[in-house]
Structures are given as C-alpha cells and as structure tokens.
Amino acid sequence: MRSPHRTDDPSHRTGEGATGLVRFSDLPPGVLRDIALVWLADAVVGVSFGAIAVGGGLPVWVPVLMSLLVYAGSAQFSAVGVLTAGGGPVAAAATGLLLNSRTAAFSLALADDLGRSWTARLIGAHLVTDETAAFVLAQEGRRQRKAAFWISGAGLFVAWNLSVLAGALAGSALGDTDRFGLDAAFPAVLLALVLPALRGDSAARRASAAGAVVAVLAAPLLPAGVPVLLALLGLLAARRGPRRPRLSRTTSSRSAS
C-alpha cells in the first residue's frame, strides 16, 4: 500500500536540484552585471592577445585555434611569448601547462556544479577559469552556483574567441598594445571579484597576503608562471587560526544584549 506521506527527492525539497536548464533568473541580483563586465574585460584582453600573437610573426590561425582548443588566457600569453622569442612548440606547451595547472584545484572545487552527466562535465571542464571559479564560489545555493558557472563560462568562451579573432585579423595595425594598458584590465577585474571575500573572511585575507608575498619574492628568481603556482602555499596560512567571518551590526547588537 502506498503511503499517503509522499517522500520527495531531496533536490525538490531544497529547490536546488542539480538538473534542469540554467536560467538568468537563477542568478542573484547584480551578478549578471558583474559577469557582463568580466566579459567586456576578457574581450579587451583577447583583442590584445590576438594582435600580439600575429604581430610577433605567428599566422592568424595559431592564436585562433589555440583559443578554441586551449582556452586559457595566461597560459596562451606565456606560450605565445615562448614562440615569438624563438622557442619550440614543446617548450611553449610545457610553459602553458605549468601555468595552467592551477585550474586543477578549481576543477575539484567546482565539480558538483557542472552537472551530473559526463557530457556536462567534459564541456564544463573546458570552461573552468579563474573568473568562473570566482563567480561560482561567491554563490551560496546549488542552483545559483550552477547558473553562475554556465552563464559566465559560456559567455567568456564566446567573448574570448571572438575578440582573439578580431585582434588577430587586425594584426599589427593596432601597433604596440602595451601603450593601451590592456594588460592591467584583467588583474583589475579579478581583484574586484575577490575583494568581497577578503573583507568578510580573515582566513582568506591571511592566505591571499601570504600568497602575494611568496609570488613577489619568487618573481625575480623563477620563470614566468612558477611564482603563481608557489603562491598556492599561501593556503597554508588559512589553516592557522580560526576563521572569523565579519558579523553584521544586527548580529553584534543581539550578541551584546
């Protein structure tokens, strides 16, 4: 006999199931605007990358194909730098892999937000970047995290590839891209994304400060990309001492009373 008390699936009870279509309405207010700003910054850097690659003597198809298959901005810049400096493809690939190995940690943190099917996880793995990880980890609910990943990731992939193609076609017509300060756009956007987490979590502040010190000290001594990996040692600082998220005024007043 069927029980009158129906047992629902846990995902239906919480309203945060991992299945279903992703909707823009799943994003909290303001997040889509932030994602769009990152798309814009990513497009600016993509134009710079395409122009630098072609201006350095590479054919147009190299940065375009690299952006489609590799899709890793910092690793692509490093690889193109090696190629334009006269290095071989093996050295360029090794440099890019070393620099992009940091995304392995992102993949572990975001695995449950990509979806349950192998297709979703294979496609999602290709879209994992610093920016998508930042947007996902800033969300609380399962549905919001999934929407943040797929909307930011798909948009970034399209923006990056179209802008790289535009920059590659423009080629050397842009002249020296360094004079436009395009290289500063990407770090500025990433800093803006992590600032809320730094203000609200003492462990995150300790980890980021320690990682920054390690990276700055290692930069003059080690090849490009290695200081970024060594900065992960800053995570050890997060384990020292309790995590103390900032309390709101309401919570503080209640505790005082």
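Residues numbered from 1 in each chain as written. Predicted model: local features only at pLDDT ≥ 70, side-chain atom pairs only at ≥ 80, totals over all residues. Heavy atoms only, no water.

Asker: Pulling in residues and values, what's your account of the overall build of the protein?
Answerer: Along the protein, the regular secondary structure elements total 14 helices and zero strands. When the 257 residues of the protein are sorted by exposure, 33% land in the buried category. In the protein, the proportion of contacts linking residues at least 24 apart, taken out of those at least 6 apart, comes to 73%. In the form shown here, the protein has an accessible surface area of approximately 15,300 Å², with 66% of it arising from carbon and sulfur atoms. (Helix = DSSP H or I, 4+ residues; strand = E, 2+ residues; numbered from the N terminus. Buried < 20%, exposed > 50% of the residue type's maximum accessible area, 1.4 Å probe, protein only. Contact = heavy atoms within 4.5 Å. Areas by Shrake-Rupley, 256 points an atom, 1.4 Å probe, with all protein chains shown as cover.)

Asker: Quick one: what's the story with the environment of valine 216, residue by residue and with numbers?
Answerer: Relative to the helices and strands, valine 216 resides in helix α11 (residues 202-218). Taking the C-alpha atoms as reference, valine 216 lies 7.5 Å from proline 227; in sequence the two are eleven residues apart.

Asker: Which residues make up the layout of surface pockets, and what are the values?
Answerer: Volume-wise, the second largest pocket comes out at about 300 Å³. Every residue lining the second largest pocket is counted, 16 residues in all, and those nearest its centre are Met66, Val70, Ala79, Ala92 and Ala93. Mapped by element, the contributors of at least two residues to the lining of the second largest pocket are α3 (61-69), α4 (73-84) and α5 (89-100). With six residues, α5 is the largest single contributor of residues to the lining of the second largest pocket. When grouped by side-chain class, the residues that make up the lining of the second largest pocket number 13 nonpolar, three polar and no charged. (1 Å grid on protein atoms, 1.4 Å probe; cavity = no way out; pocket = protein on both sides within 12 Å on 5 of 7 lines; lining within 4 Å. Points joined across faces, edges and corners; volume = space filled by probe spheres on them. Nonpolar A, V, L, I, M, F, W, Y, C, P; charged D, E, K, R; others polar.)

Asker: Quick one: what's the story with the packing of aromatic side chains, residue by residue and with numbers?
Answerer: Tallied over the entire structure, the rule returns four aromatic pairs. Here the aromatic rings of tyrosine 71 and phenylalanine 157 are separated by 5.0 Å at their centres, their planes lie at 75 degrees, and the arrangement is edge-to-face. Of this pair, tyrosine 71 sits in the loop between α3 and α4 while phenylalanine 157 sits in helix α9 (residues 142-170), and the two are 86 residues apart along the sequence. With relative accessibility at 22%, the residue phenylalanine 157 sits in the partly exposed group. Taken together, a centroid distance of 5.2 Å and an interplanar angle of 85 degrees make the contact between phenylalanine 149 and tryptophan 150 edge-to-face. As far as the burial class goes, phenylalanine 149 and tryptophan 150 line up, both buried. Among the aromatic residues, those joined into a cluster by ring pairs are Phe49, Phe77 and Trp160. (Phe/Tyr/Trp six-rings, centres within 6.5 Å; stacked < 30°, edge-to-face > 60°.)

Asker: Which residues make up the environment of serine 78, and what values do they have?
Answerer: Looking at the secondary structure, you find serine 78 in helix α4. Of the residues examined, serine 78 reaches a relative accessible area of 18% and is grouped as buried. Sequence-wise, serine 78 and alanine 92 are 14 residues apart; in three dimensions their C-alpha atoms are separated by 7.3 Å. Here serine 78 is in contact with Thr95 and Leu99, once residues within four sequence places are set aside.

Asker: Run through the packing of helix α6 (residues 103-114) against helix α8 (residues 130-137), naming residues and quoting values.
Answerer: As a packed pair, α6 and α8 sit with axes 11 Å apart at the nearest point and diverge in direction by 55 degrees. Relative to α8, the element α6 is oriented oblique. Considering how the two elements wind past one another, α6 and α8 form a crossing that is left-handed. Residues Phe106, Ala109, Leu110 and Asp113 of α6 form the contact with α8, whose own contacting residues are Asp130, Ala133, Val136 and Leu137. Of the residues contributing to the contact of α6 with α8, the split by class is six nonpolar, no polar and two charged. (Axes fitted to C-alpha atoms, helices over the stretch in contact; angles between N-to-C directions. Parallel < 35°, antiparallel > 145°, perpendicular 65-115°, else oblique. Left-handed = near helix turned anticlockwise from the far one by under 90°.)

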